[in-house]
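What follows is the residue order along each chain.
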There are 2 protein chains.
Amino acid sequence: MGEELTVNADEAWLARKPLPQALVDAYYPRMNPIVVAGESERMTVAKQELQDGLNRLLGRSVAVETSLSHIGGLWVGTLAHLKDESWARGLSQEQVSDLESRGQEAYAIWQVESQAVRVLAIVGGSDRGVLYGVFGLLRQLASGDDLDAIGGVEAPTNAMRMIDHWDNVDGSVERGYAGRSLFFRDGQVLSSSPRLQGYARLLASVGLNAIAINNVNVHREESYLVTERYLTDVARVASMFRGYGIRLFLSVNFAAPMELDGLKTADPLDPEVIAWWQKTTDIIYRYIPDFGGFVVKADSEFRPGPFTYGRDHADGANLLARALFPHGGIVVWRCFVYDCQTDWRDRELDRARAAYDHFVPLDGRFDSGVVLQIKNGPMDFQVREPVSPLLGAMPRTAQMLELQITQEYTGQQRDLCYLVPQWKEVLEFDTYAKGPGSSIAQVASGRLFDQGRSGIAGVANAGNDYYWTGHPLAQANWYGFGRLAWDPSLTSERITREWIRQTLSDDETVVSTISRILLDSWKIYEDYTAPLGVGWMVNPGHHYGPNVDGYEYSKWGTYHFADHLGIGVDRTQGTGTGYVTQYREPHRSRYQDLTTCPDDVLLFFHHVPYQHRLHSGTTVIQHIYDRHFAGVKEVRDLEARWRRIAPALPKEFAETVAERFRWQLKNAEEWRDVVNTYFYRKSGIADDKGRFIVP
Amino acid sequence: MGEELTVNADEAWLARKPLPQALVDAYYPRMNPIVVAGESERMTVAKQELQDGLNRLLGRSVAVETSLSHIGGLWVGTLAHLKDESWARGLSQEQVSDLESRGQEAYAIWQVESQAVRVLAIVGGSDRGVLYGVFGLLRQLASGDDLDAIGGVEAPTNAMRMIDHWDNVDGSVERGYAGRSLFFRDGQVLSSSPRLQGYARLLASVGLNAIAINNVNVHREESYLVTERYLTDVARVASMFRGYGIRLFLSVNFAAPMELDGLKTADPLDPEVIAWWQKTTDIIYRYIPDFGGFVVKADSEFRPGPFTYGRDHADGANLLARALFPHGGIVVWRCFVYDCQTDWRDRELDRARAAYDHFVPLDGRFDSGVVLQIKNGPMDFQVREPVSPLLGAMPRTAQMLELQITQEYTGQQRDLCYLVPQWKEVLEFDTYAKGPGSSIAQVASGRLFDQGRSGIAGVANAGNDYYWTGHPLAQANWYGFGRLAWDPSLTSERITREWIRQTLSDDETVVSTISRILLDSWKIYEDYTAPLGVGWMVNPGHHYGPNVDGYEYSKWGTYHFADHLGIGVDRTQGTGTGYVTQYREPHRSRYQDLTTCPDDVLLFFHHVPYQHRLHSGTTVIQHIYDRHFAGVKEVRDLEARWRRIAPALPKEFAETVAERFRWQLKNAEEWRDVVNTYFYRKSGIADDKGRFIVP
């Protein structure tokens, strides 16, 4: 049975399988004809998407007309065109002003009945809103929502909904697990690649509106992307993305004035440097009038930055912001700043403190054209970390949340690790920055401190792989990231179902099985990897597979301090590094106190004996054994669950996923055995259930 | 003072600084004129070396004449020319037949006085012997030996004195720490490089007579070295080396018939495969009439081999030997064969057993054109291993000892580790293969079992680095290797002094200081790295720097099994892997028994508690702490000793070495702290001297 099914890998969740016949019969009259008011590049895209999408969902052709039929149809246009429509008199003034107030990216889906005419309308705050409305309606239909229940105004919670590529011009992708770059090959920009257009379409369909196309680690050749060596081609890419409502950003090298033009300094206060960036920016905007701006990793992991000149991050960021701002661009300045030359011998140093310590004192010093991009945790995208205390700690500075869609530390798209539940936890975390209710979602959206340019950025997980993302199910992370960036209040369950129904099947058993597989996977990955929030324990460099001491004696500031008696990093006030004081109450006290610190981050905050009893009732050492034995079983169970529904899925897709589960099982077994043996050898404490641990 | 001194880096130990004036006055009459009898390429080389060498040692020109002067001079020629010389009647028949019996590579230095004529003669068994005689005389003079004491017959102990390069045609060198390849650059053979000729000269000066120019891991492009794509250039290199008495070998890819010519198999018993190798060999000998043969790494570390076809190593080696033998070539077949996909969970597997288990059953099955090349230890060139039990265990098979001059696991020519003392220990180890007195030197020379084609091979440590070897003092390893290959009975002290005096200085303080620095360095390196023979504990992949668990949970079969109670690998009979049974008595019992097992290999053979008391009187854990604290101090002391003599040395040379000592100190400190902390955290046992260990 599965053999006859196929999957449209190129279009991913936009594959648009036909709806059941009963729905087609009911919906067709209401969506035929389509009338699209107004013209623009984006309106053309919207029209095409709508027509193709409906044709495929309904299994028959809808007509595109210049006016509605006598019984109505589907009207698409912006607020500006609405006033010419007689049926629009059926809308209340309240409805219209509501949409007007929500901005250019907002849209409404309205169902208007006046006399015998029944109009389904997609109305955008601008053509961008229209595009989102078209994708929104199609998504809801494909997700199985009832048309009668669809309606109302939708607007993005976050102004910035950004995807960051770590791609290099030779076509390699740093931390990429999905083939080669979509943007570059062998030093060339793939400016007319159909795959790239397909990518823009997928991004727009979930509402993403900004993209940085090159690696934040800007190497020699990539430094030239801001120059005329590349700008003609980059502009072509920007133009294609523009049609999908997406602005293009470039990552830049802070030392570019020196490296590209031989200036003697890159000092942000030096007049020649200031002039260099102004000139460079002027040229970029000649090629790309709506250029988004720069993404910058400075003074971090060997990247150059303002520190070299005795300047600080505000000086550095403002330099670039002032060059960009007159053109309407901004600087996304990353806060992933720490000393990566730490001496592991010094147990008082704490990398977790670094971002907060560096940036909080600068609050108020950043120009309004600067947005700080802050990773969700204080370390680096581990399977479990507490939320970064920097988020919400700078009321006078725009902050963006940075998530990692690409699974650097979470299985590299060989292992399944669906991150939407993790991101939800982050977004719902209450910082108490302005009292209770100051969630990360509120911080990121800019609403908490009235910062308009805020939002969410994610490091891309897509490449030129057949399924875009290596592991076919890793597509759901990308999809889910986009959906959460648009609306952080969406539930994991809702997002998950949407993705499955659009991509794979509307069979309820399939949908619920894959939903559970996805929703369980983060916890499972956590079970068989580093325990209780301590993180790391991976092989250095590539970061796949277990290596308990892999980063223990290194310069990277990532330690667990396991000895024969216990494990964990004391980050409390008093005996530890004092990192807990970066949180507001009640978190500070909750993390500080061993009796209230949550189990899942216990070892991030405390060094405890192996016999320490968790809130769960078990000891730390027994927890390690239990979770690692369980993790392997759970992966085996994922595999079994997948096997059961595989016949109802496209064969190739099902087999690709099955193969990944086999790899994952091997990886989980390796983690289980290495971690269990490591702690058994070190502690001498046997598993109280007598299971086999390699001695 | 040091600033005026210079070093002739290109010529290394052949730099030939002038002798003291008193010696010059005494020697000059006895070496002037030179008469060289007979003509050949090698005689031309010998004449040139002698003339240049004497001119530089004596600081004045010696004349080259066709006959001796009335008072004599220095006569050079082969035995064949000796009979025409009237002065030669002063030699006894016994002297002459002694030289005759020692073979073509032998030489004599004779001092003959008859009437008023005083002749110093270098007489070779062939022109090769003459060349060695010339280098020998010059070496002895440059080393400060008294001319009156020089004399007698010298012949190499080993027929094969080989140097193996792990060079790739792109110019990279596997495990190379001295720049790029001397033989290849960007896919080209450097067949007319003056540097390469200088290299041949240095090899010949210490008596090496065989060279394999490419990596035993034969990659795609290197597989073509045996074809006409490369043979014109390779033949040019072979021809240049021929002038220095050195035969050229190539490493080959066992799967070459398939990879180069699309054969369906590489099965050694397949007629097409047999024909392919014959044809390939015929072509090689058309280009290189004295081609040495092939070096082969098969069925090891992912290299193809006979196992694929259900054949064994004898089948594989004989295939190639039969193709080569008619032309006078041989196969050097490496015994570095083991399963590099071991499951670390299975503590009964033992990589140390592999070579013996694979090869001993094949004794008697190898053609006489096969020589097995066996690493000195059962693992892989660690700073301390027991001697390989395979050496001497195959009476009917020619065996060559393989040493590693390049310092893969011994500091990578950043850290000083002079290996001649280690090699001496290996050579003097008594295998008891034919009762007491069956040393490794006896095995390698082929004398123990009357195997003529035996000898010693060393993996090269030279590249296109300014000093040839990265660390300038690492030259001494290369020099010492050649000298030991010629005569394993030479003492470390003798070799060390020779190298220093020729290369750097005849100042006695300098010579004795550098001698001690070199001779102490192996032990010091051992002190601060993996303890008591257990090996490894290095960073995987590149193998530099400490990583105690770096290979502990890997597939490579290289474990230490440290837990909270103890450490070591039980390789005894009964409770362990039984590896000890591969040794003859008394070693078997000596290693088996904890009370007789030598401290320095204790953890190679036994798993013991940290509190186990060594013969030295200290416990294992305290030994680890003591040696690691001592190791750092010793490196600091090396640095101080070097600083004291530096003013008497060429400045640049002294500073290059001083810089390496600074690196070594950092490395030693890192080793000390990582190893001490690792064992302190694991055992919970404090240093009994209360020194600081990172908790």
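Residues numbered from 1 in each chain as written. Chains lettered and ligands numbered in written order. Predicted model: local features only at pLDDT ≥ 70, side-chain atom pairs only at ≥ 80, totals over all residues. Heavy atoms only, no water.

Topic: the sheet that holds strand β16 (residues 455-459) of chain B
Residues and elements named next belong to chain B.
Working step 1: Taken in spatial order, the eight strands close into a barrel running β7-β10-β11-β12-β13-β14-β15-β16, and their pairing is parallel. Going across the sheet, the axis of each strand differs from the next one's by a mean of 25 degrees, ignoring polarity.
Working step 2: As paired strands, strand β11 (residues 247-251) and strand β12 (residues 293-296) are joined by three bridges and run parallel to one another. In the strand pairing of β12, serine 251 is matched with valine 295.
Working step 3: In the packing of helix α10 (residues 313-324) onto the sheet, contacts are made with β12, β13 (330-334) and β14 (370-375), and the angle to β13 comes to roughly 155 degrees.
Working step 4: The strands that helix α14 (residues 475-486) touches are β7 (160-164), β15 (398-404) and β16; relative to β16, the one it contacts most, it runs at about 170 degrees. (Pairing = 2+ DSSP bridges. Helix = DSSP H or I, 4+ residues; strand = E, 2+ residues; numbered from the N terminus. Axes fitted to C-alpha atoms, helices over the stretch in contact; angles between N-to-C directions. Contact = heavy atoms within 4.5 Å.)

Observations regarding the packing of aromatic side chains
Working step 1: Within this structure, the stated rule accounts for 74 aromatic pairs over all chains.
Working step 2: Where A:Trp75 meets A:Trp87, the ring centres are 5.3 Å apart and the plane angle is 65 degrees; that geometry is what we call edge-to-face. Here A:Trp75, found in strand β3 (residues 72-78), pairs with A:Trp87, found in the loop between α3 (79-82) and α4 (93-101); they are 12 residues apart in sequence, far enough to count as distant.
Working step 3: Take A:Trp75: its relative accessible area is 0%, and that puts it in the buried class.
Working step 4: Taken together, a centroid distance of 4.8 Å and an interplanar angle of 85 degrees make the contact between B:Trp276 and B:Trp277 edge-to-face.
Working step 5: B:Trp276 gets classed as buried once you look at its relative accessible area, which sits at 5%.
Working step 6: Judged by relative accessible area, B:Trp277 falls into the buried class, the value being 0%.
Working step 7: Through a chain of ring-to-ring contacts, the aromatic side chains of A:Trp13, A:Phe183, A:Phe184, A:Tyr199, A:Phe241, A:Trp468, A:Trp478 and A:Tyr479 assemble into a single cluster.
Working step 8: The ring centre of B:Tyr678 lies 5.7 Å from the NZ or CZ of A:Lys682, which sits over that ring.
Working step 9: The ring of B:Trp663 has B:Arg414 lying over it, and the distance from NZ or CZ to the ring centre is 4.3 Å. (Phe/Tyr/Trp six-rings, centres within 6.5 Å; stacked < 30°, edge-to-face > 60°. Buried < 20%, exposed > 50% of the residue type's maximum accessible area, 1.4 Å probe, protein only. Lys NZ or Arg CZ within 6 Å of the ring centre and 35° of its normal.)

A look at the interface of chain B and chain A
By a widespread convention, an interface's size corresponds to the accessible area lost as its parts come together.
Working step 1: Each side of the interface is counted separately: chain B has 23 residues, and chain A has 23 residues.
Working step 2: The contact between chain B and chain A buries some 2200 Å² in all, and 53% of this surface belongs to carbon and sulfur atoms.
Working step 3: When the buried surface of chain B facing chain A is broken down by residue, B:Arg345, B:Tyr553 and B:Arg681 rank first, second and third, together holding 33% of it.
Working step 4: Our count for the chain B to chain A interface comes out at six salt bridges.
Working step 5: Where B:Arg345 meets A:Asp673, a salt bridge forms, and the shortest distance between an N and an O atom there is 2.4 Å.
Working step 6: Applying the counting rule to chain B against chain A returns 12 residue pairs in polar contact (both at pLDDT 80 or more). (Buried area = accessible area lost by both parts, 1.4 Å probe. Salt bridge = Lys/Arg side-chain N within 4 Å of Asp/Glu carboxyl O. Polar contact = N/O pair within 3.5 Å; in protein donor to acceptor, adjacent residues only side chain to side chain.)

Some remarks on the relation of the copies chain B and chain A
Working step 1: Placing chain B over chain A gives an RMSD of 0.1 Å and needs a rotation angle of 180 degrees, together with 0.2 Å of translation along the axis. One copy is carried onto the other by what is essentially a two-fold rotation axis. Closest approach to the rotation axis within chain B is made by the C-alpha atom of B:Lys682, at a distance of 2.7 Å.
Working step 2: When the interface residues of chain B are mapped onto chain A, 100% of them are again interface residues, pointing to one common binding face. (Least-squares fit on C-alpha atoms with pLDDT ≥ 70 in both.)

A few points about the sheet that holds strand β7 (residues 160-164) of chain A
Residue and element names in this part refer to chain A.
Working step 1: Spatially, β7-β10-β11-β12-β13-β14-β15-β16 is the arrangement adopted by the eight strands of the closed barrel, whose pairing is parallel. The mean angle between the axes of side-by-side strands here comes to 25 degrees, regardless of whether they run parallel or antiparallel.
Working step 2: Pairing geometry for strand β13 (residues 330-334) and strand β14 (residues 370-375), over four bridges, is parallel. Along β14, the bridge assignment pairs arginine 334 with glutamine 373.

Overview of the packing of helix α5 (residues 127-142) of chain A against helix α6 (residues 194-205) of chain A
Residue and element names in this part refer to chain A.
Working step 1: For the pair α5 and α6, interaxial distance at closest approach is 9 Å and the crossing angle is 80 degrees. What the angle tells us is that α5 and α6 run roughly perpendicular. Taken together, the residues of α6 that come into contact with α5 (itself represented by Leu131, Tyr132, Phe135 and Arg139) are Arg201, Ala204 and Ser205.
Working step 2: Considered class by class, the residues forming the contact of α5 with α6 number four nonpolar, one polar and two charged. (Parallel < 35°, antiparallel > 145°, perpendicular 65-115°, else oblique. Nonpolar A, V, L, I, M, F, W, Y, C, P; charged D, E, K, R; others polar.)

Quick look at the pattern of salt bridges
Working step 1: The full count for this structure, using the stated rule, is 103 salt bridges over all chains.
Working step 2: Notably, a salt bridge pairs A:Asp145 with A:Arg494, separated by 3.0 Å at the nearest N-O pair. You can see A:Asp145 sitting in the loop between α5 and β6 (152-154) and its partner A:Arg494 sitting in helix α15 (residues 492-503), a full 349 residues away along the chain.
Working step 3: Here A:Asp145 falls in the buried class, since its relative accessible area comes to 16%.
Working step 4: What makes A:Arg494 partly exposed here is its relative accessible area of 28%.
Working step 5: Notably, a salt bridge pairs B:Arg311 with B:Asp267, separated by 2.8 Å at the nearest N-O pair. Of the two residues, B:Arg311 is situated in the loop between β12 and α10 and B:Asp267 in the loop between α8 (256-261) and α9 (271-287); the sequence distance between them amounts to 44 residues.
Working step 6: Note on B:Arg311: relative accessible area 27%, which makes it partly exposed.
Working step 7: For B:Asp267, a relative accessible area of 11% gives the class buried.

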